[in-house]
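Analysis of the macromolecular model
The primary structure of each chain is shown beneath.
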Amino acid sequence: MEGKRVYYFGNHEAEGDGAQKELLGGKGANLAEMDRIGIPVPPGFTITTACCIDYLAEPTIPAALRAEADAAIARIEKVMGKKYADPSDPLLFSCRSGAKVSMPGMMDTVLNIGLNDETVRGLIARSGNERFAYDSYRRLLQMYGDVVMGVDGELFEHAIDALKAKRGVKLDTELGVADLQALIAEFKAIVRKSAGRDFPSDPREQLWGSVEAVFRSWNTPRAVSYRNLNRLPHDMGTAVNVQTMVFGNMGANSATGVAFTRDPSNGENFFYGEFLVDAQGEDVVAGTRTPQALNLQGRDRLPQGNPVRDLPTLEEVMPAAYGTLCGIREKLEHHYRNMQDIEFTIQDGKLWMLQTRNGKRTGRAAVRIAAEMQTEGLMTPDQALLAVEPGHLDQLLHDQIDPAARVEVLGKGLPASPGAAQGEIVFSAEDAVAAVKAGRKVVLVRRETSPEDIEGMNSAQGILTARGGMTSHAAVVARGMGKPCVAGCGDLAVDYPSGSMTIGGKTFKAGDLLTIDGTTGQVIGGLVPLVAPSLDDPHLNRIMAWADERRTLGVRTNADTPHDARQARTFGAAGIGLCRTEHMFFGEDRIKKMREMILADSEAGRRKALVKILPLQQADFEGIFTAMDGYPVTVRLLDPPLHEFLPTADQQAEIAELAGELGSSVAAVKHRIESLHEMNPMLGHRGCRLGLTYPEIYEVQVEAIIRAALAVKARGVDVKPEIMIPLVGTVRELKDMREMSVAIADRVMKELGAKVDYLVGTMIEIPRAALLADKIALHADFFSFGTNDLTQMTFGYSRDDAGVFLPDYVRMGVLPSDPFQQLDQEGVGQLVAMAVERGRSSGRHLHLGICGEHGGDPSSVDFCHRVGLDYVSCSPFRVPIARLAAAHAAIRNG
């Protein structure tokens, strides 16, 4: 590679800055930025993401990179006044990952690099603390053996647990010097046996072994899974941050901690954090020790019975360091203008900052933080909008426990991520994945989670852990995923070998039912009633008001019932972009009339049956038009093939019953069903093809629409019907269907002596229609892009069958994402853009929208803004997300 490979930071002389996240990763860029603004950061250097990409292509460390790193080490040595791995006074390093986008816990870290049998004696001599030195050495052996040499980390944990049991102690900190020396010897033997070679005593080999391990961790299964789950690109690579070690495990005057400048769970403006005395950073987030509260305010918020309420806070035990930390908190928030997630170490009373980044937060917290930071002058309205991600609003739509329900509270933990979750208990990530594949809902219960649990956490409805705090792996990852989580439930005992858990004096086995409330921290036996969440929140109302002022795209909903229409209006929908009439025929009283029409053997028979359907359709439309008073309603005429309304050939009882109702023979009904069978029904006799060959069907639907519109208009409803012809692929199809619709509307209005304005348009869902959009537009008042079918026909994928291979395509990089979830802007998007341009070139004033499921996907909404659509339409619960995504699109695209 060309260009600079290594960027030094420290002593307020950083070579990089916060804008270089793509090159230095988020952690490296922010370390440089903190150093530049005068915050105490241990000196170090960042190896660029470009080096990682090169290494993954060809796994060697080039001489030029080693030379740049040596120069940076020399600079660190000069600042610190000591030499790397000097036997008399060793300078030690940590080695951490840092991608452009935060991936908490997904990649590897190695601490205390440079220790060996010689340098540990120098560390003892300089620190005067024998226990600290040997503790640091055993940690290096454990981390290096696991991360770099591939030794099973459980082997080290078993050795520690066995020694603690032998000594009759519970905590690692209760082990003495002789115990740690014995562990060091045992760890070396474990490494030798498992890896087939000795732990390297050469400090340079340790350093570059750690660097290579961090590079490799970019492609570990957990890191790949995390990127897939969060739709992150796989070609970014990770930077490597090599930093001077500062020690939180030097005794009672040292500590390490993690903090958020505001509460990441609810967004309240108070300094939330956790710390451990005499510990290193991994101890806090790993969940193996339950950390203490940062300050009195945080401790007082813990539930009664939580053992942390009895422990001193950092504010009490190290008031000077805590005061310095509070000043840094304020400085970082004002500098970054966002809530920060920070890591710190206190070494012998001196505070050092190890990381800052925009903190992961729940949806509720994101909304509150953005709104309050705007009030405080830290953000403009546009910045506040961009600080709330569409996914945050998705979290706000989680179900909550019905406040009126009587529940059996078994125990209480920390409310780590809000929302209610319920399902069968599983005790492993693998079991969670398998259960969900089998169609079951589960709650993942663990003593504590680790990065390897990422897929199970994603599959589960929620997560419950016995250990860990609000900054543990479980809490941070669950908040990022929007999964309900209760962490650090001290009442919970998990027994993996027996596949059981005990809480509140009761024992539960795998498969038993459990409910957790991530909003309150409660653990509840069995399943309890849930209620839909309320979006009536003053902070959210402000955010959404700004979004509506900023966006230019309209947002409608896909709704087939008055209930769905009313629900969508409460979420801010300004109309219905897709009302599917076929869904109205599946009620028990209606399906029989529909089947009677389909099985009629003549047009006269079909018209006779349709007379019975007309008033039902009219009543449906009246309800929907009333619910959408003042807004447009786009009604799609019958789209699916007729056989979908009939029993299948093997449903003998239903066929016999249907024959009896129709006064026909079973053989005649079977024959009619068989005659409607199609080899490829998605490309068969459906949509406007039905309307042309059986015009009486569409005639009755149009009549019902116009009669319903006139009826509600007479009652004072501002009705705006739009008649949409589906599956048009030729000009003649739309021309004939439009002429039919106009003729029926004219006849009904003349009969009733009243008029109503209406539009006639079409779905653009066949590639040929996109190509002929200028000609088709001559007969249309609007286009609505049906991107579900357009994607299906453009790719040649069956929506119903592509799920077999699409996940593999995404995993292999054949496709960047599932094109049925996220619009393929390169291919399908090109057809949409072409149809927009050609349609508008016709000279007609076309309304243009999208009504496939892509209408609620943020990246697809951004595309719709850029190509100039007038609106998107999506399911009711995606409406707030689409409104926010449309505002983001307007801000980002100018």
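Heads up: these notes are all about the structure in this document. (Residues numbered from 1 in each chain as written. Predicted model: local features only at pLDDT ≥ 70, side-chain atom pairs only at ≥ 80, totals over all residues. Heavy atoms only, no water.)

Topic: the overall build of the protein
We count it as follows: A run of H or I in DSSP counts as a helix once it spans at least four residues, and a run of E counts as a strand once it spans at least two, with each numbered from the N terminus. C-alpha atoms define the radius of gyration in this analysis, and the globule rule sets the expected value at 2.2 Å times the number of residues to the power 0.38. Only protein chains enter the area calculation, which uses a 1.4 Å probe; residues under 20% of their type maximum are buried, those over 50% are exposed, and those in between are partly exposed.
Helix and strand counts for the protein come out as 35 helices and 31 strands. Here the C-alpha atoms of the protein give a radius of gyration of 32 Å, agreeing with the 29 Å that 2.2 N^0.38 yields for 894 residues. Its C-alpha atoms put the protein at 105 × 60 × 50 Å along the principal axes. The proportion of buried residues among the 894 residues of the protein is 57%.

As for the pattern of salt bridges
We count it as follows: Throughout this description, the term salt bridge denotes a Lys or Arg side-chain nitrogen within 4 Å of a carboxyl oxygen of Asp or Glu.
Going through the model one piece at a time under the given rule, you end up with 56 salt bridges. In this structure, Lys4 engages Glu15 in a salt bridge whose closest nitrogen and oxygen atoms are separated by 3.2 Å. Remark: Glu15 occurs in the loop between strand S1 (6-9) and helix H1 (21-36) and Lys4 occurs in the segment before S1; sequence separation between them is 11 residues. Look at Glu15 and you get partly exposed, because its relative accessible area is 32%. For Glu582, the salt bridge identified is with Arg636, shortest N-O distance 2.5 Å. Of the two residues, Glu582 is situated in the loop between strand S25 (576-580) and helix H22 (588-599) and Arg636 in strand S26 (residues 632-636); the sequence distance between them amounts to 54 residues. Here Glu582 falls in the buried class, since its relative accessible area comes to 7%.

Some points on helix H14 (residues 363-375)
Short version of the rule: Each helix should span, by expectation, one fewer than its residue count multiplied by 1.5 Å. Whether two residues are in contact is decided by their heavy atoms: any pair within 4.5 Å suffices.
Here H14 spans 19 Å end to end across 13 residues, near enough to the 18 Å set by a 1.5 Å rise per residue. All of the buried residues in H14 are Gly363, Ala365, Ala366, Val367, Ile369, Ala370, Ala371, Glu372 and Met373. Contacts made by the buried residues of H14 are with helix H13 (319-336), helix H15 (381-387), helix H16 (390-396) and helix H20 (538-550). Downstream of H14 by one or two residues, Gly377 has phi in the positive range, about 85°.

Quick notes on the packing of helix H27 (residues 695-714) against helix H28 (residues 731-752)
This is how the line gets drawn: Geometry is summarised by axes, namely lines fitted to C-alpha atoms with helices restricted to the contacting stretch, and by angles between N-to-C directions that run from 0 to 180 degrees. Working rule for angles: under 35 degrees goes down as roughly parallel, over 145 as roughly antiparallel, 65 to 115 as roughly perpendicular, anything else as oblique. By the definition used in this description, the sense in which the near helix is turned from the far one sets the handedness, with an anticlockwise turn below a right angle giving left-handed and a clockwise turn giving right-handed. Only Asp, Glu, Lys and Arg are considered charged in this grouping, and only Ala, Val, Leu, Ile, Met, Phe, Trp, Tyr, Cys and Pro are considered nonpolar; every other residue, Gly among them, is considered polar.
Here H27 crosses H28 at 45°, and the two axes come no closer than 9 Å. Taken together, H27 and H28 sit at an angle that is classed as oblique. H28 is crossed by H27, and the crossing has right-handed handedness. Side by side, H27 and H28 meet where Tyr698, Glu699, Val702, Glu703, Ile706, Arg707 and Leu710 of the first sit next to Met737, Met740, Ser741, Ile744, Ala745, Arg747, Val748, Met749, Glu751 and Leu752 of the second. Along the lines of polarity and charge, the residues of the contact of H27 with H28 split into 11 nonpolar, one polar and five charged.

Some remarks on the packing of aromatic side chains
Spelled out, the test is: Note on aromatic pairs: the rings of Phe, Tyr and Trp (six-membered ring only in Trp) are paired at centre separations within 6.5 Å, and the planes decide the class, stacked below 30 degrees, edge-to-face beyond 60, tilted for the rest.
Taken as a whole and judged by the stated rule, the model has 12 aromatic pairs. Both rings, one in Tyr144 and one in Phe199, keep their centres 5.5 Å apart while their planes meet at 85°; by these two values the pair is edge-to-face. Taken as a pair, Tyr144 in helix H5 (residues 130-147) and Phe199 in the loop between helix H7 (177-195) and helix H8 (203-216) lie far apart in primary sequence, 55 residues in all. Like Tyr144, the residue Phe199 is buried in the burial classification. Their ring planes at 70° and their centres at 4.9 Å tell us that Phe156 and Phe187 sit as a pair that is edge-to-face. Of this pair, Phe156 sits in helix H6 (residues 153-167) while Phe187 sits in helix H7, and the two are 31 residues apart along the sequence. The two residues Phe156 and Phe187 agree in class, both being buried. Among the aromatic side chains, those forming a connected cluster through ring pairs are Phe795, Tyr797, Phe805 and Tyr809.

Overview of the nonpolar core
This is how it is decided: The definition of a nonpolar core used throughout is a set of buried Ala, Val, Leu, Ile, Met, Phe, Trp, Tyr and Cys residues joined through side-chain atoms within 4.5 Å.
Within the largest apolar cluster, 217 residues are counted, with the highest numbers of intra-cluster contacts made by Ile47, Ile706 and Ile725. With 26 residues, the next largest nonpolar core counts Ala14, Leu31, Val41 and Ala321 among its residues.

Side note on the sheet that holds strand S13 (residues 414-417)
Working definition: the strands of a sheet are paired by backbone hydrogen bonds and lie parallel or antiparallel to each other. Worth spelling out the cut-off: Only when DSSP finds a minimum of two bridges between them are two strands counted as paired.
Spatially, the eight strands line up as an open sheet ordered S12-S22-S21-S14-S15-S16-S17-S13, and their pairing is mixed. Both edges of this open sheet fall to strand S12 (409-412) and S13, since each of them pairs with a single strand only. Across the sheet, the axes of successive neighbouring strands diverge by a mean angle of 30°, strand direction being ignored. Inspection of the sheet shows strand S14 (residues 420-426) paired to strand S15 (residues 442-446) by three bridges, in the parallel sense. The residue of S15 that forms the bridge with Ile425 is Val443. Sitting on the sheet, helix H17 (residues 429-437) touches S14 and S15, and the angle it makes with S15 is about 175°. This element, helix H19 (residues 473-481), spans S13, strand S16 (462-465) and strand S17 (485-487) of the sheet and lies at about 45° to S13.

Some words on the pairing of strand S31 (residues 871-874)
Neither face of S31 is open: one carries Tyr871 and Ser873, the other Val872 and Cys874, and all of them are buried. Pairing geometry for strand S24 (residues 554-558) and S31, over four bridges, is parallel. In the strand pairing of S31, Gly554 is matched with Tyr871. Pairing of strand S30 (residues 847-850) with S31, which is carried by two bridges, proceeds in the parallel orientation.

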